[in-house]
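# Coordinate inspection notes
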Amino acid sequence: KLEAGDHSHSTPYVDFNPLDTRIHMRLTQLREVEDMGQFGVQYEFFEEEKRSSFVSSVNFDWHTKPGHKSGVFLHVAEDFSECIEENPDMLVIPSWASIDLNSDYTVELNNGKVRGSFKEGCEEAEDGSDTWLSWKRSLEKIRKLAVKVTDTKFVAPGLSLEDYFTMEYRLVKACPVGTYLSDKISVCLDCNADHYSEGGYSNSCNPCPPGAMVPSGVGFNESNCTYWAPCPGGYYQDEAGRCEVCSAGHYSQGDDALFCHPCPCDSYAEPGARHCTVCPDGTAVRAGKGTAATDCTDIIMDDGGSGAVGFYSKVSVIQAILVSAYCLL
C-alpha cells in the first residue's frame, strides 16, 4: 500500500529487474474526486540505494479540477529529457495500471485497454540525442526501485488523499502457459477446466468455444480446446474421441487412454474396471483371462498321460514355479 504524505517521502528501495518484472498499480476510488486538487505517483529507478544513482522514472500526475490537464511522462536522467504521453485516454485516473519498462508502450491502463505511445512524444535532448534510445539504453543500469506519492502540497486544503483513494502496487513476474496471475495474491493459478491462457501477466483466462473442453492448467491457446471430455476410469477413447467401456479382463485409468490393458496373471476384472482384483490365495488365472472371481481356479498339472497329477501348492518355491509356468501357457 502506498501511503499519502510528504511530497519528498519515498518508499524503501526494493530490488527490481526491468527485463523480467512488471509493476502493477491499483487505485481504488472511495468517493467523488471533483475539485480535490492534484496528486500523483512517481516510480523511480536507481543503480543502487543512493539518490545520486538515479537512472529514470515513470511519472503520473493527475488533476481533478476542471481546466487542468493531467500528465504521464518518462524522465531520463542521462540527458535530462522526457517522453510525454499525449493520448487523452492515458491521462485519466485509472483503476489499474501496469508498467513494463521492457516494452515499446511502457504503460498500459485498465487491463490493457489502452497503451502508452511515449515513443512518439519524446523531446529532443539538448545534446541532440534520441531520448527514446536513451530511455531504452538506461534499462540495463536499473537495479533498484523506490515509489513516491505526490499529494500533500497539491491536494486542496482540508482534504486528504487517503479519503479519496487507496493506492497499492506490487512487482510481478510472468506466469507460465495455462495459468493466470491472481488479482488478489501475487501467485500464478491454473486456469479452470475449459479455459486457456498464454500465461504472461494476464489476470484471467479465456473460455473455450461452446462445447469445447480442455483440462485445468493445460490449455495455452484455443487450438487446445477439443470437443471431447477425458474418459472416466474403466474407459478408453476410440478413434472418434468417444469413451468406450473396457471389456472384462481389462482395465484403464481413463483420461486420454487409447486402449485398455489386460489384467496381469492371477487377477481379474469385470467390464468397466479401473483396476484389477487379485485372485484368492491358492488360485490363479492367465493374464487377461480373468473376468470374474470364478475364473480363478486351482492349477492341476499332469505329466502327459502317466496318471501322475500335480496340484497347485502353497509351498512358496513350488507355488512360484507352477504359477510362472501356468502364466506362460
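The following refers to the structure shown. (Residues numbered from 1 in each chain as written. Predicted model: local features only at pLDDT ≥ 70, side-chain atom pairs only at ≥ 80, totals over all residues. Heavy atoms only, no water.)

This part takes up the overall build of the protein. A tally of regular secondary structure across the protein gives 2 helices and 23 strands. Within the protein, the fraction of its 329 residues that count as buried is 41%. Across the protein, the fraction of contacts at a sequence separation of at least 24, relative to all contacts at a separation of at least 6, is 51%. (Helix = DSSP H or I, 4+ residues; strand = E, 2+ residues; numbered from the N terminus. Buried < 20%, exposed > 50% of the residue type's maximum accessible area, 1.4 Å probe, protein only. Contact = heavy atoms within 4.5 Å.)

Here 5 strands make up an open sheet; going across it, the order is E9-E8-E7-E2-E11 and the pairing antiparallel. Looking at which strands have only one partner, the edges of the open sheet turn out to be strand E9 (114–115) and strand E11 (165–172). As paired elements, strand E2 (residues 22–29) and strand E7 (residues 96–99) share 4 bridges and run antiparallel to each other. Each bridged residue has a counterpart across the sheet, and for His24 the counterpart in E7 is Ser98. (Pairing = 2+ DSSP bridges.)

As enumerated under the stated definition, the model contains 8 disulfides in all. Note on cysteine connectivity: Cys83 is disulfide-linked to Cys122, with sulfurs 2.0 Å apart. The sign of the S-S torsion, about 90°, decides the handedness of the disulfide formed by Cys83 and Cys122: right-handed. One end of the pair, Cys83, is in strand E6 (residues 81–84); the other, Cys122, is in the loop between E9 and helix H1 (131–137), with 39 residues separating them in the sequence. Given a relative accessible area of 0%, Cys83 falls into the buried group. (Disulfide = S-S within 2.5 Å.)

Turning to the environment of Ala146, a few remarks are in order. Considering the arrangement of structural elements, one finds Ala146 in strand E10 (residues 144–150). Separated by 97 residues in sequence, Ala146 and Glu49 place their C-alpha atoms 9.2 Å apart. Once residues lying within four places of it in the same chain are set aside, the contact partners of Ala146 are Ser10, Thr11, Pro12, Tyr13, Gln42, Tyr43, Glu44 and Phe46.

Another aspect to go through is the nonpolar core. Among the nonpolar cores identified, the biggest contains 39 residues, and Tyr43, Phe45, Val58, Phe60, Leu101 and Met167 are the most heavily contacted of them. Once you skip the residues sitting within four places of it in the chain, Val58 turns out to touch Val41, Gln42, Tyr43, Phe45, Phe73, Leu74, Ile99, Leu101, Thr106, Val107 and Trp135. Tyr196, Cys208, Val214 and Cys225 belong to the second-largest nonpolar core, a separate cluster that totals 5 residues. (Core = buried A, V, L, I, M, F, W, Y, C linked by side-chain atoms within 4.5 Å.)

With that settled, the discussion passes to the pattern of salt bridges. Applying the stated rule across the entire model yields 11 salt bridges. A salt bridge links Lys173 to Asp20, with the shortest nitrogen-to-oxygen separation between them at 3.0 Å. Taken together, the residues span a long stretch of sequence, with Lys173 in the loop between E11 and strand E12 (179–181) and Asp20 in the loop between strand E1 (14–15) and E2 at a distance of 153 residues. Classification of Lys173 as partly exposed rests on a relative accessible area of 48%. Using a relative accessible area of 35% as the deciding quantity, one classes Asp20 as partly exposed. One connected set of salt bridges, linked through shared partners, spans Arg22, Asp100, Glu108 and Arg115. (Salt bridge = Lys/Arg side-chain N within 4 Å of Asp/Glu carboxyl O.)

If you trace the 6 strands from one edge of the open sheet to the other, you get E1-E10-E3-E4-E5-E6, paired in antiparallel fashion. A strand with exactly one partner marks an edge of an open sheet, and here the two such strands are E1 and E6. Across 4 bridges, the pairing between strand E5 (residues 71–76) and E6 is antiparallel. Looking at the pairing, Val76 lines up with Ser81 of E6.

Glancing now at the pairing of E5. Counting buried residues in E5 gives 5 out of 6 residues, a clear majority hidden from the surface. Of the strand pairs in this sheet, strand E4 (residues 54–63) and E5 are connected by 6 bridges, and their pairing is antiparallel. Residue Phe60 lies in a different strand from E5, and its bridge partner there is Val72. Following E5, the chain reverses through 4 residues before pairing antiparallel with E6; Phe80 in that reversal takes a positive phi of roughly 55°.

Right, let's talk about the packing of aromatic side chains for a bit. Tallying each qualifying case throughout the model produces 8 aromatic pairs. Taking 6.4 Å as the distance between ring centres and 85° as the angle between the ring planes, the aromatic pair formed by Tyr43 and Phe60 counts as edge-to-face. Here Tyr43 is found in strand E3 (residues 38–46), whereas its partner Phe60 is found in strand E4, with 17 residues between them in sequence. Considered together, Tyr43 and Phe60 belong to a single accessibility category, that of buried residues. Cluster of aromatic residues (ring-pair linked, three or more members): Phe39, Tyr43, Phe60, Trp62, Phe165 and Tyr169. Seen from the ring of Tyr164, Arg31 lies directly overhead, with NZ or CZ sitting 4.7 Å from the centre. Against the face of Tyr105 rests Arg115, its NZ or CZ located 4.1 Å from the ring centre. (Phe/Tyr/Trp six-rings, centres within 6.5 Å; stacked < 30°, edge-to-face > 60°. Lys NZ or Arg CZ within 6 Å of the ring centre and 35° of its normal.)

We now examine the environment of Gly199. Mapping Gly199 onto the fold places it in the loop between strand E14 (195–196) and strand E15 (206–207). Of the residues examined, Gly199 reaches a relative accessible area of 11% and is grouped as buried. In this structure the C-alpha to C-alpha distance between Gly199 and Thr179, which are 20 residues apart in sequence, comes to 5.5 Å. Not counting residues within four places of it along the chain, the set of residues in contact with Gly199 comprises Cys175, Pro176, Val177 and Thr179.

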